[in-house]
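Understanding the architecture of this molecule
Spelled out from the first residue to the last, the chains are:
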Amino acid sequence: MDVTRQIAKVEEEKWARHRYNLTTGIGEGGARVTGSGAHLALSRAIAAEGIVLLKNNGVLPFQKKPTVALFGIGCLDYVKCGGGSGRVFAKHTYNLYEGLLAKPESVSLYEPSVRHYYDFIKPQLATYSSEKLFPEIAVPRELIADAAAHADVAVISIHRFSGEGQDRTNEKGDFLLSEVEEELVRDVTAAFDRSVVVLNVGGIIDMTWIENNPKIDAALLAWQGGTCGALAVADVLCGDVNPSGKLTDTVAKTLGDYPFVDSFHESRDYVCYFEDIFVGYRYFETFPEARDKVVYPFGYGLSYTDFSLTKPVASETDGQIEVCVTVKNVGKEAGKEVVQVYCTAPQGVLGKSRLSLVGFHKTALLAPGEAEDVTVRFSAEDLASYDDLGKLQASSYVLEGGEYAFCVGTSCRDLQTADFRYEVKEAFRVTRALSQKCAPNALEKRLLSDGTFEALPSFPVLDHSDAVPEANTAVAPESEKPLPLRYVASGRLPLDAFLAQMTDEELMGLVGGIPSRGLSNTCGIGGIERLGIPAVMTADGPAGLRISPGSGIETTAWPCATMVACTWNTDLVYRFGRAAALEVKENGFGVWLAPALNIHRNPICGRNFEYFSEDPLLSGKLAAAEVNGIQSVHVAASAKHFACNNKETNRTLCDSRVSERALREIYLRGFEICVRESQPWTVMCSYNILNGRRCCNSYEQLVGILRDEWGFDGMLTTDWGTPCNQEDSVLNQCDLTMPSGKPYRLKAALEAGTLRRAHLEACARRILQMILKLD
């Protein structure tokens, strides 16, 4: 085949799935991969690895085929995911009863307790909504007594549901057990010699009752595990999988023990991040009075086996720090362990948290007696703190003088310290000199490492929308008809020359979303037939491909993001991203709106189940792994929500007020890691206002930090329906307004001279560059 015919073939096949709304199978031999057995098996494996064993006195895994009595309506009403963008419609969601019923070689079931719940649920199934839970119901004490007489162990399931657009509460039935649940736990544990609790939740709830009740022998934090989550719970209960999940959040005794939780709902119009950098374990491990308020620390999780870690050995070469340790399985079961590396930095002038996670590694499955040598590497510059007030050098990352120690262990409270110290001999060393961006204009104070507060100045809200991109000087090709975008894809036409063919109206249309086509329900991008720009549809995430019910297509519901994070397994997260993206691609979509990596600042954020962790390094590393998996099959990832979308109440109008230091070290750092290590093809701006500027209109945030400092070269989009002026978004280089634009406003701004064609071309160029990366 000659070169001309090869080019023609490439051009013809380019974007075929988007141009023709194809949903044909892309698996081996044309088989469908969506909802396939292989994907369900992977989803089940991820869920099993994300389960955290909180407590165990030896009752787990089940031995000698016990008879199990199931209690809690959640044994039938399993919650696979949260609501909103994270809601996925699957063919079937297994429950815990089904999971254990499928293991007759390991357990037998006491049926009357299950029948009690089934008789309550069955009459309501016709009007049942998966956006709601069946309420917990009372269990007659005579039924509990009969169960205790005929069963060996009780399993109590507690379930919760939360969703987009609404925050949780510190009320019974939400963060706290309901009165019915309290009575159930009390009566069942009193009657049974052996009791196990399974938490089918999307976020942290009160867990003091688990730790304080000696009659609860074991507890699993089983999260919301998608289609096969309950099967994974059964796998862990029966010992077919050894739990290796680790907490990605600190579990405190009460909601009030988390820093400044009382100010979360102080106003609908703003939220003040007074705790500054002391989020999660950075707070609980720094302040002595907070240490005793922890039930389960960050990084914690038990196993059915035991591991030993040698004393870590650390060294530094050319600014790169290396920490080595050997992990050995000294128990009787095969299992995996997570090696966690933390840094203890000198307090200096700026003040630091006592511990900061700087690296981690998930081991392979180690047989009894088997060992693995683990090496974790990171840059010394990663240890720097941001000086936002000029105490040392303004707007710079600095390493303060003193010794930096490195601790290794299996949680933030189970650590050994290496003998090596990384020493900064000068008073401070600047690692990156930047300029002030996104500084607060209404945050009056912040917490310091000694427990006192520091008053903060009010910085002006700056508007840099007068910056004009470089004009496109390319000349449109001379032809009777415009040359289509596939000519750019095959290398026959420069992109700038293609842009020169576009009318102002076409540019204004391209920077706004278009109506849904095919299976999409979240609208699309492009679709300009005259120029051969395909209509690329978007799909919601991050727990799987979200297609409306009634389409006849059932996708895989994957575990919620927090559960995925509890695996601490970047290789597994990559496989998840790739598999989920294959379903996106197979069904005619080009952009998957995932991953979401906002920080778990507070347990009652209603959308925490969509996010990974309270720690920015862990969030960033896992997000990067997922993005790399997604984009390996030429589907665009969309890292979201940029940034500080940590509250759902009045989310489109609420101002997140945070110091520039906390912003950079906590709330932006995960995004920075994700961008630097995976270059997502798109980033989605958050709904909220950040320090007085709407995120999708903030030049300092989008250009100053994201593009100029981090080198992001992808497309930026608003979140769907953000209340903003599109001309302001374009001026500040937010490329795409979704789900639709306002061309009439852009035209008026163009005619008034406040917007130039160069602004539109800059945004259009990045949109087209993203489309060109798709198959």
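Residues numbered from 1 in each chain as written. Predicted model: local features only at pLDDT ≥ 70, side-chain atom pairs only at ≥ 80, totals over all residues. Heavy atoms only, no water.

With respect to the packing of aromatic side chains
As a reminder, the rule being used: Here the aromatic set is Phe, Tyr and Trp, taking the six-membered ring for Trp, and pairing holds for ring centres within 6.5 Å; pairs whose planes are under 30 degrees apart are stacked, those over 60 apart are edge-to-face, and all others are tilted. Under the DSSP-based scheme used, a helix requires at least four consecutive residues in state H or I and a strand at least two consecutive residues in state E, with every element numbered from the N terminus.
Under the counting rule described, the total for this entry stands at 21 aromatic pairs. Between F71 and F192, the aromatic rings sit 6.0 Å apart at their centres with planes inclined by 75°, giving edge-to-face as the arrangement. Of this pair, F71 sits in strand β2 (residues 67-71) while F192 sits in the loop between α7 (179-191) and β5 (195-200), and the two are 121 residues apart along the sequence. Chaining the aromatic ring pairs together yields one cluster made of Y258, F278, Y283, F284 and F287.

Observations regarding the sheet that holds strand β25 (residues 655-657)
Applied cut-off: Two strands are counted as paired when DSSP detects at least two bridges linking them.
Read from one edge of the open sheet, 4 strands run β8-β25-β27-β28, paired in mixed fashion. Looking along the sheet, the strands with just one partner apiece sit at the ends: β8 (270-272) and β28 (693-694). Taken together, the 3 bridges between β8 and β25 define a ladder with parallel strand orientation. Along β25, the bridge assignment pairs Y270 with D655.

Focus: the pattern of salt bridges
Note the cut-off: In what follows, salt bridge is the name for a side-chain nitrogen of Lys or Arg lying within 4 Å of a carboxyl oxygen of Asp or Glu. Only protein chains enter the calculation, and the probe is 1.4 Å; a residue is then buried if its accessible area is under 20% of its type maximum, exposed if over 50%, and partly exposed in between.
Under the definition given, this model contains 48 salt bridges. Linking K621 and E677 is a salt bridge whose minimum nitrogen-to-oxygen distance equals 2.7 Å. With K621 in helix α17 (residues 616-631) and E677 in helix α19 (residues 669-678), this pair connects stretches of sequence that are 56 residues apart. For K621, a relative accessible area of 30% translates into the label partly exposed. Relative accessible area serves as the criterion here: at 39%, E677 is assigned to the partly exposed category. One salt bridge connects E672 with R676, and the closest N-O pair in it is separated by 3.0 Å. Taken as a pair, E672 and R676 lie in helix α19 at a separation of 4 residues, close to a single helical turn. Owing to a relative accessible area of 8%, E672 belongs among the buried residues under this scheme. Taken together, the shared-partner salt bridges in this structure form one network comprising E164, R607, E610, E648 and R651.

Side note on the sheet that holds strand β22 (residues 533-540)
What links the strands of a sheet is backbone hydrogen bonding, and the strands pair in either a parallel or an antiparallel sense. For clarity, the cut-off: Here an axis means a line fitted to C-alpha atoms, over the contact stretch when the element is a helix, while the angle between two N-to-C directions is reported on a 0 to 180 degree scale. Only heavy atoms matter for contacts: two residues are in contact if any of them lie within 4.5 Å across the pair.
A sheet is described by the order of its strands in space; here 6 strands give the open sequence β21-β22-β23-β24-β26-β29, paired in mixed fashion. At either margin of the open sheet sits one strand with a lone partner, and together these are β21 (524-528) and β29 (715-717). Strand-to-strand twist across the sheet, computed as the mean angle between neighbouring axes with direction ignored, equals 25°. Inspection of the sheet shows strand β24 (residues 636-642) paired to strand β26 (residues 682-685) by 3 bridges, in the parallel sense. Looking at β26, one finds that F642 is bridged to C685. Helix α23 (residues 757-773) contacts β21, β22, β23 (589-593), β24, β26 and β29 of the sheet and is inclined by roughly 80° relative to β22.

A word on the nonpolar core
Going by this rule: Here, the term nonpolar core denotes a set of buried Ala, Val, Leu, Ile, Met, Phe, Trp, Tyr and Cys residues that are joined through side-chain atoms within 4.5 Å.
Membership of the largest hydrophobic core comes to 172 residues, with the highest contact counts inside it found for F71 and L199. Setting aside residues up to four positions removed in sequence, F71 forms contacts with S113, Y117, V139, I144, A147, A154, V155, I156, S157, L184, V188 and F192. In this structure, L510, V591, A636 and V730 belong to the second largest nonpolar core, which totals 45 residues.

Points about the pairing of strand β17 (residues 396-411)
Taking burial as the measure, the 16 residues of β17 include 13 buried ones, the bulk of the element. Relative to β17, strand β13 (residues 338-344) runs antiparallel, the two sharing 5 bridges. By the bridge assignment for β17, T344 is matched with A405. Bridge count for strand β16 (residues 385-387) against β17 is 3 bridges, and the pairing is antiparallel. Within β17, the residue paired with Y386 across the bridge is Y397. In the sheet, β17 pairs with strand β18 (residues 414-433) via 13 bridges, with the strands oriented antiparallel.

Let's talk about the packing of helix α18 (residues 660-667) against α19
What counts is decided by this rule: Orientation categories follow fixed angle ranges, with anything under 35 degrees roughly parallel, anything over 145 roughly antiparallel, 65 to 115 roughly perpendicular, and all other angles oblique. As a working rule, the residues Ala, Val, Leu, Ile, Met, Phe, Trp, Tyr, Cys and Pro are called nonpolar, Asp, Glu, Lys and Arg charged, and the rest polar, with Gly in that last group.
Axis separation between α18 and α19 bottoms out at 5 Å; the angle between their running directions is 50°. In terms of axis orientation, α18 runs oblique to α19. Contacts from L663, R664, E665, I666 and Y667 in α18 reach R669, G670 and F671 in α19. Its residues placed into classes, the contact of α18 with α19 shows 4 nonpolar, 1 polar and 3 charged.

Points about unusual backbone geometry
Put simply, A594 and P595 share a cis peptide bond, and its omega is 5°. With respect to the helices, strands and loops of the structure, P595 is situated in the loop between β23 and α17. In this structure, D318 is a non-glycine residue whose phi angle is positive, near 50°. Mapped onto the elements of the fold, D318 is located in the loop between β11 (313-317) and β12 (320-329).

Some details on helix α5 (residues 111-121)
Given 3.6 residues to a turn, an α-helix orients residues that are three or four positions apart in the same direction. This is how it is decided: When we speak of the arc, we mean the arc of directions from the helix axis to the C-beta atoms.
Looking only at α5, the buried set comprises S113, V114, Y117 and I121. Taken around the axis of α5, the buried residues stretch over an arc of 100°, which confines them to a single face. Contacts made by the buried residues of α5 are with β2, α4 (96-101), β3 (108-110), α6 (141-150) and α7.

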